[in-house]
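These are the residues of each chain, in order.
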Amino acid sequence: MDNTTIIVIAAVAVVVLLLILWMAMRKKRTDALRDQYGDEYDRTVEDRGSTDKAERDLIEREKRVHQFDIRPLDAEERERFTGEWTETKALFVDAPNEAVLRADRLLTNVMQTRGFPMTDFDRRYEDLTVDYGDVARHYRAGHEIADRQHDASTEDLRQALNHYEKLFAEMVSGGKIDRDGDGIDDRAETRRVDRDGDGVDDRVEAAPASERPHTTKSLLG
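Residues numbered from 1 in each chain as written. Predicted model: local features only at pLDDT ≥ 70, side-chain atom pairs only at ≥ 80, totals over all residues. Heavy atoms only, no water.

Novice: For the overall build of the protein, give the residues involved together with the corresponding values.
Specialist: What the protein contains, in helices and strands, is eleven helices and zero strands. In sequence order, the secondary structure elements of the protein are arranged as α-α-α-α-α-α-α-α-α-α-α. Burial status across the protein gives 33% buried among its 221 residues. When the accessible surface of the protein is totalled, it reaches about 13600 Å², and 53% of it is carbon and sulfur. (Helix = DSSP H or I, 4+ residues; strand = E, 2+ residues; numbered from the N terminus. Buried < 20%, exposed > 50% of the residue type's maximum accessible area, 1.4 Å probe, protein only. Areas by Shrake-Rupley, 256 points an atom, 1.4 Å probe, with all protein chains shown as cover.)

Here it is in structure tokens:
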């Protein structure tokens, strides 16, 4: 076997190895996105027309949402919105169409107050799927009924209100955001300063011993 043949074989082997690595990385990315988005992954693939376009879309929306400054409602806001929601549900008895429209507007107000940008519905829905995938589906289902409310039955409108209530409960509760699945609210982790990667908040290390808290938890809350 001459040197040229050896070089060709080696080059082919490298190309095959790179291809195997690329396919493994691609599968890992696909599996991660499927795990995170569930049914939304398949819906996006169908909507975009290809897996590549769908995955680029999902990754882009995640990057976008991570730049938002989402916050929980304070006590006064929570009380006010809860009161408005109770009034909206009571309105359903006499005016189901108006109640569904009011619920839709109320959800928009709650999301805006928490820090979600108020663009069109599709963008709001996509933003929700990143951290609130389970209730985002309810938001979409309720909105679809609201869009055709003049042709919807009273039972359809009741279902729309029930869908909306799932999202309302989540938005008002202000549950933690745990994208990496480590059980810690990501909003707390981003407030920690750990430049040296030792797992300890640098602000704790830099403080005089007498001023250091017994744990870092107080700095993460």
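Novice: So, the nonpolar core: which residues are in play, and what are the values?
Specialist: By size, the foremost hydrophobic cluster in this structure holds 38 residues, and its most contacted members are L128, Y139, Y164, L167, F168 and M171. Looking at this core element by element, the count peaks at eight residues for helix α8 (residues 154–173). With residues up to four places along the chain from it excluded, the contact list for Y139 reads L107, T108, M111, F121, R124, L128, Y164 and L167. (Core = buried A, V, L, I, M, F, W, Y, C linked by side-chain atoms within 4.5 Å. Contact = heavy atoms within 4.5 Å.)

Novice: Could you give an account of the packing of helix α1 (residues 3–37) against helix α2 (residues 39–48), with specific residues and numbers?
Specialist: Direction vectors running N to C along α1 and α2 enclose 115°, while the axes themselves pass 5 Å from each other. Comparing their axes, α2 and α1 come out roughly perpendicular. The segment α1 lies against α2, with T30, L33, R34 and Y37 engaging D39, E40, Y41 and D42. Here the contact of α1 with α2 is built from residues that sort into three nonpolar, one polar and four charged. (Axes fitted to C-alpha atoms, helices over the stretch in contact; angles between N-to-C directions. Parallel < 35°, antiparallel > 145°, perpendicular 65-115°, else oblique. Nonpolar A, V, L, I, M, F, W, Y, C, P; charged D, E, K, R; others polar.)

Novice: Would you mind going over the environment of T113 in detail, with residue names and values included?
Specialist: Within the secondary structure layout, T113 lies in helix α5 (residues 96–114). According to the relative accessible area criterion, T113 is partly exposed, its value standing at 23%. Separated by 41 residues in sequence, T113 and P72 have C-alpha atoms that sit 8.9 Å apart.

Novice: I'd like to hear about the environment of Y132, residue by residue, with values.
Specialist: Residue position: Y132 is located in the loop between α6 (121–131) and α7 (133–147). Linking Y132 and E170, residues 38 residues apart in sequence, is a C-alpha distance of 8.3 Å. Among the polar contacts made by the side chain of Y132, one reaches the side chain of R114 at a distance of 3.3 Å. (Polar contact = N/O pair within 3.5 Å; in protein donor to acceptor, adjacent residues only side chain to side chain.)

Novice: Tell me about a nonpolar patch on the surface, and please be specific about residues and values.
Specialist: Together, V8, V12, V16 and I20 make up a nonpolar patch on the protein surface, roughly 340 Å² of accessible area in all. Its place among the elements puts V16 in helix α1. Look at V16 and you get partly exposed, because its relative accessible area is 42%. (Patch = residues over 30% accessible without salt bridge, like charges linked within 9 Å, V, L, I, M, F, W, Y side chains within 5 Å. Salt bridge = Lys/Arg side-chain N within 4 Å of Asp/Glu carboxyl O.)

Novice: Explain helix α3 (residues 51–65) to me, and be specific about the residues and the numbers.
Specialist: Its 15 residues give α3 an end-to-end C-alpha distance of 21 Å, which sits within 8% of 21 Å, the value for a rise of 1.5 Å per residue. Of all the residues in α3, the buried ones are A54, E55, D57, L58, R61, E62, R64 and V65. (Expected span 1.5 Å × (residues − 1).)

Novice: Give a description of the packing of aromatic side chains that names residues and reports values.
Specialist: Following the criterion strictly, the structure yields five aromatic pairs and no others. Ring centres of Y139 and Y164 lie 6.2 Å apart, and the angle between their planes is 55°; on these two criteria the pair is classed as tilted. With Y139 in helix α7 and Y164 in helix α8, the pair connects residues that are 25 residues apart, well separated along the chain. The exposure class of Y139 is buried, given its relative accessible area of 0%. An aromatic cluster is built from F121, Y125, Y139 and Y164, whose rings are joined through pairwise contacts. Directly above the aromatic system of F81 lies the positively charged group of R80, at a separation of 4.5 Å from the ring centroid. Stacked on the ring of Y125, the Lys or Arg R140 has its end atom at 4.6 Å from the ring centre. (Phe/Tyr/Trp six-rings, centres within 6.5 Å; stacked < 30°, edge-to-face > 60°. Lys NZ or Arg CZ within 6 Å of the ring centre and 35° of its normal.)

Purely geometric stuff here, so don't read any function into it on its own.
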